[in-house]
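# Examining the three-dimensional arrangement
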Amino acid sequence: MFSRKALGSLVSRFAVPLSLFVSLAVLAPNSASALTLDVPADVIDRVDVNASLTSSDPAGLAMLFVDGSLVRSCMETGGPGAVAFAGVPLARGPHDLRVLVRAAEGLLCAPRCAVTAWGKPVLPLLLAPNGGYAGRTTPVMVKAGPGTSSLRLTLNGSLIGTRAVSPGQIVNFGSVAIGGGVNTLVIEAFNPVASSSGTFKVRRLDFPWPTCIIIDKSQFRLYWVRDGVLVKTYPVAIGKPSTPTPVRNWRVGEKYVYTDWGVYGPRRLRLYKQIGLNSFQYSNYGVHGTNQEWVIGTMASHGCIRMFNRDVMELYPQVPLYTMVQTRD
């Protein structure tokens, strides 16, 4: 039950006969009942340990063991509440606490106590929606931070749900409806003794078609929307000031695969410009990869939309022919 090192320490520091520790295994019931502990089950970093002895117990040496190791000792007088160990530091996690008192009748041992030490929960990571934008509905995915046992999610003051979690767990709160303009998403993290909260602003991305690509030139961002849900946001490069990307509506008219990754990278979506309600005209503009990935996030092209090659490879198979595209300032 106790390490050889801990027992040796007691023997050398307090001249406690080893036979007394051996007698722990055969303590009489009245001895065990003469010492009880008052210890909270959950604490933040430190614990106060209070032990009560029967009034007939004489003075003796009180010893506190944490996980089998001696951490505190003191001389105490008998009587209820006579033994107190205040502010004992604990590493975060579960611990086993024991208190022993050397009394005239022998070594008294209180029943063991299990204590869990917590810190303040670390704020969770919002995985989705990301980029500050969402579609009309959006999945909400959260990764619980260290020291967290439960999460609560509210949107614009309305409760979406609560979940019991373990640290590092990814939690899916399902899809929620996003109102127009800016929405406030609050995620609260709890454990039995502390809490923390984070506030996230989510703006609804306005788009004219349920499935489409929106390219925001001012943000150097491409938004891929499918069935009203913002699937993902990608960084892009746009046209130079001398050859700007036009602001207008388009649709994907052709799709190309390239085996040699030249100026268009591995994939390209050719954009046909809209010239009437249901009329579209061939153009030289497109969404494609690049052999100059360092220009992403700048005005660098002749008007086309450039993406990281890994991103265009991911986007390309998801976008059907005739998908609508909008470029906006």
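In this text the structure is predicted, and so the values were computed from the model without any measurement.

## A word on the overall build of the protein
- The helix and strand inventory of the protein stands at 4 helices and 27 strands.
- Within the protein, the fraction of its 329 residues that count as buried is 46%.
- If you take every contact in the protein between residues at least 6 apart in sequence, the share linking residues at least 24 apart comes to 59%.

## Section: the sheet that holds strand 16 (residues 182–191)
- Pairing within the open sheet is mixed, and its 5 strands lie in the order 11-17-16-13-14. Each edge of the open sheet carries a strand with a single partner, namely strand 11 (133–134) and strand 14 (158–164).
- Examined bridge by bridge, strand 16 and strand 17 (residues 194–204) share 10 bridges and lie antiparallel to one another. When the bridges of strand 17 are listed, F190 appears paired with S195.

## Things to note about the confidence of the model for the protein
- Residues with a pLDDT of 70 or more make up 85% of the protein, whose mean pLDDT is 85.
- With pLDDT under 50 throughout, residues 1–33 is counted as low confidence; its partners more than four residues away or in other chains account for 48 contacts.

## Thoughts on unusual backbone geometry
- Here A128 and P129 are connected by a cis peptide whose omega angle stands at 0°.
- By the secondary structure assignment, P129 is in the loop between strand 10 (125–128) and strand 11.
- Phi is positive for D67, close to 55°, though the residue is something other than glycine.
- The residue D67 is located in the loop between strand 4 (60–66) and strand 5 (69–76) in this model.
- D67 gets classed as partly exposed once you look at its relative accessible area, which sits at 44%.

## Structural notes on the environment of G228
- Mapped onto the elements, G228 comes out in the loop between strand 19 (221–226) and strand 20 (229–239).
- Here G228 falls in the buried class, since its relative accessible area comes to 10%.
- With sequence-adjacent residues up to four places away left out, G228 is seen in contact with G135, R136, T137, F207 and P210.

## Some words on the nonpolar core
- Ranked by internal contacts, the top residues of the largest apolar core, which has 24 residues, are V47, V49, F85, L97 and V99.
- Examining the composition of this core, we find that 4 residues originate from one element, strand 3 (residues 46–53), more than from any other.
- Beyond its immediate sequence surroundings of up to four residues, V99 is in contact with L35, L37, V49, A51, M63, L64, V83, F85, L108, C109 and A110.
- By size, the runner-up hydrophobic cluster in this structure holds 19 residues, among which are V236, I238, L271 and V319.

## Quick notes on the packing of aromatic side chains
- Here the structure, examined in full by the defined rule, presents 5 aromatic pairs.
- Each ring, one from Y133 and one from Y223, has its centre 5.3 Å from the other, and the planes form 55°; the classification is tilted. With a gap of 90 residues between them, Y133 in strand 11 and Y223 in strand 19 connect regions that are remote in the sequence. Taken individually, Y133 and Y223 each receive the classification buried, so the pair is uniform in this respect.
- Ring plane angle 20° and centroid distance 6.2 Å describe the contact between Y256 and Y258, whose orientation is recorded as stacked.
- Among the aromatic residues, those joined into a ring-pair cluster are Y256, Y258 and Y264.
- It is R136 that lies over the ring of F207; its NZ or CZ is 4.4 Å from the centre.

## A short note on a nonpolar patch on the surface
- Residues L125, L127 and I170 make up a contiguous nonpolar surface patch of about 250 Å² in total accessible area.
- Mapped onto the secondary structure, L125 falls in strand 10.

## Structural notes on the sheet that holds strand 3
- What the 3 strands build is an open sheet, ordered 1-3-6; its pairing is antiparallel. Each edge of the sheet is formed by a strand with only one pairing partner; in this case those strands are strand 1 (35–38) and strand 6 (83–89). Taking the axes of each pair of neighbouring strands and ignoring which way they run, one obtains an average angle of 20° across the sheet.
- Relative to strand 6, strand 3 runs antiparallel, the two being bridged by 5 bridges.

The rules behind each value
Residues numbered from 1 in each chain as written. Predicted model: local features only at pLDDT ≥ 70, side-chain atom pairs only at ≥ 80, totals over all residues. Heavy atoms only, no water. Helix = DSSP H or I, 4+ residues; strand = E, 2+ residues; numbered from the N terminus. Buried < 20%, exposed > 50% of the residue type's maximum accessible area, 1.4 Å probe, protein only. Contact = heavy atoms within 4.5 Å. Pairing = 2+ DSSP bridges. pLDDT = per-residue confidence, 0-100. Core = buried A, V, L, I, M, F, W, Y, C linked by side-chain atoms within 4.5 Å. Phe/Tyr/Trp six-rings, centres within 6.5 Å; stacked < 30°, edge-to-face > 60°. Lys NZ or Arg CZ within 6 Å of the ring centre and 35° of its normal. Patch = residues over 30% accessible without salt bridge, like charges linked within 9 Å, V, L, I, M, F, W, Y side chains within 5 Å. Areas by Shrake-Rupley, 256 points an atom, 1.4 Å probe, with all protein chains shown as cover. Salt bridge = Lys/Arg side-chain N within 4 Å of Asp/Glu carboxyl O. Axes fitted to C-alpha atoms, helices over the stretch in contact; angles between N-to-C directions.

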